[in-house]
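Tertiary structure, described
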Amino acid sequence: MTEQANVEQQQAAWVREQFQKANKFMAEKGILPGKVIMKESRHLAPMIAIWKIEENGPRKRRFWVLSGDLPTDMVAESAAPNARELVRHFSLSWQMKAENLLQSQDPTQQQMARLLINRAEGLGQMHRDDRIWGDMPMMV
């Protein structure tokens, strides 16, 4: 196997793992995942996978789900018009959540706040970087 083929195989495995994380997260929130809207989903292995997933139910609601080297999270489709703006949404949202967690006396909560701040800052940088959005692969 060539090195390129090996890299592609590792990336495909990472994408599958992130898809499973996204589905599990939705199910834990009481939402049965259905089809993925592939043309709007993106990934940048091994950092981030952005999924737009339609629920498997009568209402067919759609959600953005974020997974990767960051906390898995999700919001309604209406929170962002596209993957890039979703990254911005989570950057701002996580900064606000972190501020609330920092008020806690619980060391675990404070540790989670520091993780959120770190990842929120990274998402903010990612949102502003035009080079990423030109090259960020779509899900296939």
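Scroll up for the structure.
Residues numbered from 1 in each chain as written. Predicted model: local features only at pLDDT ≥ 70, side-chain atom pairs only at ≥ 80, totals over all residues. Heavy atoms only, no water.

The secondary structure content of the chain amounts to four helices and five strands. Its helices and strands in sequence order give the chain the pattern α-β-β-β-β-β-α-α-α, from N to C terminus. By the compact-globule yardstick of 14 Å for 140 residues, the chain fits well, its C-alpha radius of gyration being 16 Å. The principal-axis extent of the C-alpha atoms belonging to the chain is close to 50 × 40 × 25 Å. Relative to its full complement of 140 residues, the chain shows a buried share of 41%. (Helix = DSSP H or I, 4+ residues; strand = E, 2+ residues; numbered from the N terminus. Rg over C-alpha atoms; globule rule 2.2 N^0.38 Å. Buried < 20%, exposed > 50% of the residue type's maximum accessible area, 1.4 Å probe, protein only.)

Per the stated rule, a full pass over the model turns up 11 salt bridges. A salt bridge links glutamate 77 to lysine 52; the nearest nitrogen and oxygen atoms lie 3.0 Å apart. Of this pair, glutamate 77 sits in the loop between β5 (73–76) and α2 (83–102) while lysine 52 sits in strand β3 (residues 48–55), placing them 25 residues apart in sequence. Of the residues examined, lysine 52 reaches a relative accessible area of 3% and is grouped as buried. Arginine 62 is the partner of glutamate 54 in a salt bridge, and the nearest nitrogen-oxygen pair spans 3.2 Å. Classification of glutamate 54 as buried rests on a relative accessible area of 12%. Residue class for arginine 62 comes out partly exposed when judged on its relative accessible area of 27%. (Salt bridge = Lys/Arg side-chain N within 4 Å of Asp/Glu carboxyl O.)

Here the focus is the pairing of β5. Of the strand pairs in this sheet, strand β4 (residues 62–68) and β5 are connected by four bridges, and their pairing is antiparallel. Within β5, the position partnered with phenylalanine 63 by the bridge is alanine 76. If you look at the hairpin formed by β4 and β5, you'll find four residues sitting between the two strands. (Pairing = 2+ DSSP bridges.)

The linkage connecting alanine 45 with the following residue, proline 46, adopts the cis geometry, with an omega of 0 degrees. Note that proline 46 resides in the loop between β2 (42–44) and β3. Within the chain, lysine 60 stands out as a residue other than glycine whose phi angle is a positive 55 degrees. Checked against the element boundaries, lysine 60 lands in the loop between β3 and β4. What makes lysine 60 partly exposed here is its relative accessible area of 40%.

Our focus in this paragraph is helix α3 (residues 107–128). With 22 residues, α3 should reach 32 Å at 1.5 Å per residue; the first-to-last C-alpha distance of 32 Å fits that figure. Buried residues in α3 make contact with β2, β3, β4, α2 and α4 (130–135). Where α3 begins, the capping side chain belongs to aspartate 106, and its oxygen is found 2.9 Å from the backbone nitrogen of threonine 108. (Expected span 1.5 Å × (residues − 1). Contact = heavy atoms within 4.5 Å. Polar contact = N/O pair within 3.5 Å; in protein donor to acceptor, adjacent residues only side chain to side chain.)

All right, on to the environment of leucine 116 then. Looking at the secondary structure, you find leucine 116 in helix α3. Since its relative accessible area comes to 4%, leucine 116 is described here as buried. Through-space distance from the C-alpha of leucine 116 to that of methionine 96 is 9.4 Å; in sequence the pair is 20 residues apart. Ignoring any residue separated from it by four or fewer positions in sequence, one finds leucine 116 in contact with Pro71, Trp94, Lys97, Ala98 and Leu101.

Membership of the largest hydrophobic core comes to 22 residues, with the highest contact counts inside it found for Ile48, Ile50, Leu66, Trp94, Leu123, Met126 and Trp133. Contributing elements (two or more residues each) for this core: β3, β4, α2, α3 and α4. At seven residues, α2 tops the list of elements feeding residues into this core. Grouped together as the second largest cluster of nonpolar side chains are 13 residues, Trp14, Ala22, Val36 and Met74 included. (Core = buried A, V, L, I, M, F, W, Y, C linked by side-chain atoms within 4.5 Å.)

Read these as spatial facts, not as claims about activity.
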